[in-house]
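Residue strings, one per chain:
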Amino acid sequence: MAAPKFAVDKKPSNFEPYRFTLSTKFEQLARDELREEPEIREQSLTQLRNWIAKHPYIRKCRTDAVFLLRFLRFRKFSVPQAQAAIERYLAMRQTFPDWFQKLDSTEGSMLQTVDDEPMTVVGRDEAGRTLVWIRFGRFNVEKLNPIAIFRYLMIFLEVLLDDEEVQIGGFRVWTDYTDSTLKHYGMWGISDLKLLMDAVNRSMPIRIREIHAVKLPKFAVAIANVLLSFATPKFKERITCHSTVLESKSHFDESLWPKQYGGPQDSVELNRAQRKLFCEKRDALLALDDMDIDVEHYSSLWNQSGPNNSDIDGGIAGCFRKLNVD
């Protein structure tokens, strides 16, 4: 069954009432970590909707509660910060259409990539955090260029972001670089890396709680340094580097280990469900293109200078010096 498409009229005649339907665990998590209370939630939704309706540069935008809650939860119910996040998200999607628009999740290359299993939602831990397991080497770089990989990532994230448990609990990322090759890294230009980091660190309303990087090849450290030169200090602090899969496993509950690591999670079954979800969400993903903002007004957001050499020399290198990797 296809997921519903959402209206983008910035001044709809009415709004569907919002009901919090998650478990008490997520209700408490939202209260403790995001300052989310029923009264605050309703007031914040009303403020955002009124702001969008009067906004001189936003022409069309989703105003349904689940979409707006992406940004309110992302910014812990600071309405001004949520407003800025919405502007940046809308402007980025239109400024870089090759990367963010016409995200057809049923396109052959996208479904084939699902089947190749480079990114798998393994489950949620006791703290409510969604665990995403990435095997970077499983991206078929003989057929996929950086834009195709980036578009796959955006589809993956957009599909998850309407899940309120993901909005509240956030992500943990477990990335295994085993079997990745020089081509996996050498094909990325600096502008590609800058846009990628801007998306995952600033423009997409995702709460990345931890990143565990395993077995990054020596030849990839330089490109990782460039990527992280565009990251915020807080983002960098969330990265832990591991020299072996065994070492990394101790950071995750055994019930979330994939079978490939000696655990119970079947990646084939998990990705089969993910493929089904991709197909169900197709129309809703394509309908995101109906939103509209005056991109010229926000062009300065992406006209900033690049990193300096000291930034590039930092990043992940310190992590690997601790592991005695040259």
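Residues numbered from 1 in each chain as written. Predicted model: local features only at pLDDT ≥ 70, side-chain atom pairs only at ≥ 80, totals over all residues. Heavy atoms only, no water.

Per an unreviewed UniProt entry, the protein chain goes by CRAL-TRIO domain-containing protein and derives from Culex pipiens pipiens.

Q: Whenever I open this one, a positive patch on the surface confuses me. Can you help?
A: A contiguous patch of positive charge, built from Arg35, Lys76, Lys234 and Arg238, is present on the exposed surface. As for its placement among the helices and strands, Lys76 is situated in the loop between helix H3 (65-74) and helix H4 (79-95). (Patch = residues over 30% accessible without salt bridge, like charges linked within 9 Å, V, L, I, M, F, W, Y side chains within 5 Å. Areas by Shrake-Rupley, 256 points an atom, 1.4 Å probe, with all protein chains shown as cover. Salt bridge = Lys/Arg side-chain N within 4 Å of Asp/Glu carboxyl O. Lys, Arg positive; Asp, Glu negative; His and termini not counted. Charge placed at Lys NZ, Arg CZ, Asp CG, Glu CD. Helix = DSSP H or I, 4+ residues; strand = E, 2+ residues; numbered from the N terminus.)

Q: Any chance you could explain the pairing of strand E3 (residues 130-135) here in plain terms?
A: Within a regular beta strand, the side chains point alternately toward one face of the sheet and then the other, so they alternate between its two faces. Among the six residues in E3, six count as buried, and that is most of the element. Burial of E3 is two-sided: the residues Thr130, Val132 and Ile134 facing one way and the residues Leu131, Trp133 and Arg135 facing the other way are all buried. When strand E2 (residues 119-124) meets E3, the two strands line up antiparallel, connected through five bridges. Each residue of the ladder has a partner; that of Val121, found in E3, is Val132. Hairpin connection, E2 to E3: the antiparallel pair is bridged by five residues, and Gly128 has positive phi, about 85°. Inspection of the sheet shows E3 paired to strand E4 (residues 171-176) by six bridges, in the parallel sense. (Buried < 20%, exposed > 50% of the residue type's maximum accessible area, 1.4 Å probe, protein only. Pairing = 2+ DSSP bridges.)

Q: Is there a simple way to think about the sheet that holds strand E5 (residues 208-214) in this case?
A: Either a parallel or an antiparallel arrangement is found when strands of a sheet pair, and the pairing is made through backbone hydrogen bonds. Sheet architecture is open: five strands sit in the order E2-E3-E4-E5-E6, paired in mixed fashion. At either end of the open sheet lies a strand with only one pairing partner, and these are E2 and strand E6 (239-242). Neighbour-to-neighbour, the strand axes of the sheet open up by a mean angle of 20°, direction not taken into account. The strands touched by helix H14 (residues 267-280) within the sheet are E2 and E3, with E2 carrying the most contacts at an inclination of about 100°. (Axes fitted to C-alpha atoms, helices over the stretch in contact; angles between N-to-C directions. Contact = heavy atoms within 4.5 Å.)

Q: How should I be thinking about the UniProt feature "domain: CRAL-TRIO" (unreviewed entry) in the protein chain in this particular structure?
A: Per the UniProt annotation, the sites labelled "domain: CRAL-TRIO" (unreviewed entry) are residues 109-269. The span residues 109-269 shows a helical share of 44% and a strand share of 18%, and its end C-alpha atoms are spaced 20 Å apart. (UniProt positions renumbered as here; feature names shortened; annotations may be inferred.)

Q: Can you walk me through the nonpolar core in this structure?
A: For soluble globular proteins, nonpolar side chains are generally found buried alongside one another. Counting residues in hydrophobic clusters, the biggest one holds 89 residues, and the most contacted among them are Ile86 and Met154. No other element matches the twelve residues that helix H7 (residues 146-161) contributes to this core. Apart from residues no more than four positions distant in its own chain, Ile86 is found in contact with Leu48, Trp51, Ile58, Cys61, Leu68 and Phe71. Counting ten residues, the second largest nonpolar core, distinct from the first, contains Leu131, Trp174, Val214 and Phe252. (Core = buried A, V, L, I, M, F, W, Y, C linked by side-chain atoms within 4.5 Å.)

Q: How should the packing of H7 against H14 be read in this particular structure?
A: A pair of packed helices is captured by two measures, namely the crossing angle of their axes and the spacing between those axes. In contact at an axis separation of 10 Å, H7 and H14 are set at 85° when each is read in the N-to-C sense. Considering the angle they form, H7 stands roughly perpendicular to H14. Of H14, the residues touching H7 (which contributes Tyr152, Ile155, Phe156 and Val159) are Gln274, Leu277 and Phe278. Looking at the contact of H7 with H14, its residues break down into six nonpolar, one polar and no charged. (Parallel < 35°, antiparallel > 145°, perpendicular 65-115°, else oblique. Nonpolar A, V, L, I, M, F, W, Y, C, P; charged D, E, K, R; others polar.)

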